[in-house]
Amino acid sequence: INAEYGKQWYQRRVRGILLRLFIIIASLYFFICSLSLLSSGFQLLGGKSAGEIFAKGSLLNNPIIGLMIGVLVTVLVQSSSTSTSIIVAMVSAGIVTLKPAICMIMGANIGTTVTNTIVSLGQSMDRKMFRRAFAGATVHDCFNWLCVCIFLPLEVIASPLERLSSIITAGISDGGEVSKLDFLKVLTKPLTKKIISIDKDTIKDIAKYCTSGPTYNEVNCGAARNASMMKVCDDPSTPAIREPCNFLFSKAGLNDTASGVILLLVSLLVLCTCLTILVKTLQSLLMGRMAQTLKRHINTDLPRPCGWLTGYIFIVVGMGMTILVQSSSVFTSTITPLVGMGVISIDRMFPLTLGSNIGTTATAILAALAATGDNRALTIQVAMSHLFFNIFGIMVFYPVPWMRQVPLSMAKCLGNTTATYRWFAVIYLILMFLVLPLSLIALSFNVILLYVVLGVALVTVVTIVVITTIQRHHPEWLPVWLQNWKFLPRPCRSLDPYDRVITGRFGCFEKKDSDVTQLELRGVV
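Description of the structure in this document. (Residues numbered from 1 in each chain as written. Predicted model: local features only at pLDDT ≥ 70, side-chain atom pairs only at ≥ 80, totals over all residues. Heavy atoms only, no water.)

**Remarks on the overall build of the protein chain**
Phase 1: Of the regular secondary structure elements, the protein chain holds 24 helices and zero strands.
Phase 2: Buried positions account for 47% of the 525 residues belonging to the protein chain.
Phase 3: If you take every contact in the protein chain between residues at least 6 apart in sequence, the share linking residues at least 24 apart comes to 78%.
Phase 4: Element-wise, carbon and sulfur atoms account for 67% of the exposed surface of the protein chain, whose accessible area totals about 25,800 Å². (Helix = DSSP H or I, 4+ residues; strand = E, 2+ residues; numbered from the N terminus. Buried < 20%, exposed > 50% of the residue type's maximum accessible area, 1.4 Å probe, protein only. Contact = heavy atoms within 4.5 Å. Areas by Shrake-Rupley, 256 points an atom, 1.4 Å probe, with all protein chains shown as cover.)

**Structural notes on the packing of helix 14 (residues 310–325) against helix 15 (residues 328–341)**
Phase 1: In the contact formed by helix 14 and helix 15, the axes pass within 8 Å of each other and the chain directions differ by 120 degrees. Of the possible angle classes, the one that applies to helix 14 and helix 15 is oblique. Handedness of the crossing formed by helix 14 with helix 15: right-handed. Facing Gly318, Met321, Thr322 and Val325 of helix 14, the residues of helix 15 in contact are Ser328, Val330 and Phe331.
Phase 2: Looking at the contact of helix 14 with helix 15 residue by residue, the class counts come to four nonpolar, three polar and no charged. (Axes fitted to C-alpha atoms, helices over the stretch in contact; angles between N-to-C directions. Parallel < 35°, antiparallel > 145°, perpendicular 65-115°, else oblique. Left-handed = near helix turned anticlockwise from the far one by under 90°. Nonpolar A, V, L, I, M, F, W, Y, C, P; charged D, E, K, R; others polar.)

**Here's the deal with the pattern of salt bridges**
Phase 1: Applying the stated rule across the entire model yields three salt bridges.
Phase 2: Lys412 serves as the salt-bridge partner of Asp347, at 3.4 Å between the closest nitrogen and oxygen. Here Asp347, found in helix 16 (residues 346–359), pairs with Lys412, found in helix 19 (residues 401–420); they are 65 residues apart in sequence, far enough to count as distant.
Phase 3: Classification of Lys412 by relative accessible area gives partly exposed; the value is 32%.
Phase 4: As a salt-bridge pair, Asp496 and Arg490 come within 3.0 Å of each other at their nearest N and O atoms.
Phase 5: Given the relative accessible area of 22%, Asp496 is considered partly exposed.
Phase 6: A relative accessible area of 36% places Arg490 in the partly exposed class. (Salt bridge = Lys/Arg side-chain N within 4 Å of Asp/Glu carboxyl O.)

**As for unusual backbone geometry**
Negative phi values dominate among residues other than glycine, just as trans dominates among peptide bonds.
Phase 1: We note that Ser159 has phi near 55 degrees; this positive angle belongs to a residue other than glycine.
Phase 2: With respect to the element layout, Ser159 can be found in the loop between helix 6 (127–158) and helix 7 (160–169).
Phase 3: Judged by relative accessible area, which is 11%, Ser159 ranks as buried.

**Let's talk about the packing of aromatic side chains**
Phase 1: Within the structure shown, the criterion is met by 16 aromatic pairs.
Phase 2: Between the aromatic rings of Tyr421 and Trp423, the centroid separation amounts to 5.8 Å while the plane-to-plane angle is 50 degrees, which identifies the pairing as tilted. Both residues of the pair, Tyr421 and Trp423, count as buried.
Phase 3: Between Trp485 and Phe487, the aromatic rings sit 6.0 Å apart at their centres with planes inclined by 35 degrees, giving tilted as the arrangement.
Phase 4: Of the residues examined, Trp485 reaches a relative accessible area of 24% and is grouped as partly exposed.
Phase 5: Three or more aromatic residues joined by ring pairs make a cluster, and in this case those are Phe143, Trp308, Tyr312, Phe350, Phe397 and Tyr398. (Phe/Tyr/Trp six-rings, centres within 6.5 Å; stacked < 30°, edge-to-face > 60°.)

If you want it as structure tokens, here you go:
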């Protein structure tokens with residue numbers, strides 16, 4: 001009897017595991033499809049605006065404007081692959097030169113991190129998970145911003161990326177063509193293309209024909225501005241049929257704005273639903289001994305003396321997975337929930353995102369190799385500059401252990417803050433990916449004012465960091481009044497006054513006493 005009962009229990013156990021695995025795979029598939037639809041929704045709403053921004057060719061010579069335009073356009077189209085491909089096409093057409101293109105590529109690197117930061121909001125109901133998920137998502141942001149702070153001034157002064165990529169691409173001919181490779185999209189396109197199909201050439205045409213440069217064409221510019229971002233299918237009555245008009249939104253008769261809003265809302269709903277199902281199913285599957293075994297194997301270093309190689313192996317894994325899915329946003333957004341659950345540590349997430357940064361350059365390199373014309377070597381040079389920018393960033397912040405702690409500490413600080421004040425995550429997204437780029441672009445019209453503001457901001461940040469470090473480790477070095485920040489007004493040293501106002505208006509952000517107590521015990525508050 002015991003043997004028969006044990007056999008039945010084992011069979012139920014296996015069936016339960018197989019069912020959970022099926023749910024995980026299905027949720028993951030629709031989660032990735034929802035990311036693609038989210039990007040399409042943003043492109044319907046902001047694609048033409050992105051093209052108009054790129055068309056301001058005379059402004060792109062300012063490196064700050066180029067950087068911030070790269071950020072804004074990537075946020076608008078929700079895809080660094082799309083924005084970098086447009087940049088490569090603009091260089092190929094002779095609309096922009098190499099140096100502004102490199103600055104825009106740096107901005108695209110920052111803009112692509114908004115997607116996994118948005119995904120982390122799906123775990124905001126659980127403060128512990130949200131703290132880890134937001135920290136895991138923003139470590140990508142922190143690393144990219146730090147790299148830009150170092151390499152943008154260097155590129156303006158000495159052009160190391162431009163010089164090195166020029167050496168590497170010397171002798172490349174302007175002929176030939178390489179076909180584009182798709183891996184994950186082969187699986188997701190059958191579903192997403194039945195719902196929406198975006199014509200990305202509209203963005204490129206606006207950027208090309210509406211510029212003030214030699215490629216300006218009034219007729220083509222007007223046609224591009226009036227065109228729909230959705231693909232216009234050929235008339236079935238004509239013999240020249242390239243693509244049947246069979247996606248859902250082509251039959252709805254809605255304009256781009258209405259379609260974009262609907263697609264955005266539906267994709268966010270599907271994304272949050274899939275994320276919830278994925279997290280709950282993984283939690284039920286990864287329980288007890290299985291969870292501990294998985295965490296131990298993922299987050300444990302290799303045996304000595306090879307322990308130092310562990311991080312580099314995960315960089316290669318992140319690079320390979322990103323090349324496979326052809327999107328750093330998809331890869332980092334997929335593993336962000338695992339960080340929130342604690343399956344992957346934030347320290348292990350860091351090398352995975354570094355590898356993802358390298359892997360995402362494959363799209364731009366393939367786009368450059370597929371380019372034809374007189375500027376093909378130059379477009380390859382842009383793509384190689386993107387690759388070297390990410391590699392140099394890794395060389396600065398990863399090999400030396402204490403340098404790794406700079407972006408990691410910044411991300412953990414952001415995670416701790418969002419665990420205490422959940423509304424901070426929304427404010428962070430708005431400030432870093434919208435307000436800051438727009439403000440710097442506005443200031444860039446007065447170069448002197450721009451550099452004065454940046455100089456004051458830099459001095460202020462450095463001063464605060466230095467004083468805070470001394471306060472923590474050697475407070476006796478400072479005057480008594482400067483040994484803490486209590487001499488400042490409370491709104492200048494704490495988020496509590498803002499928290500009372502926001503939670504008073506929006507009850508969903510209100511802290512429970514049990515939450516605050518747990519955070520205090522962990523030393524977060």
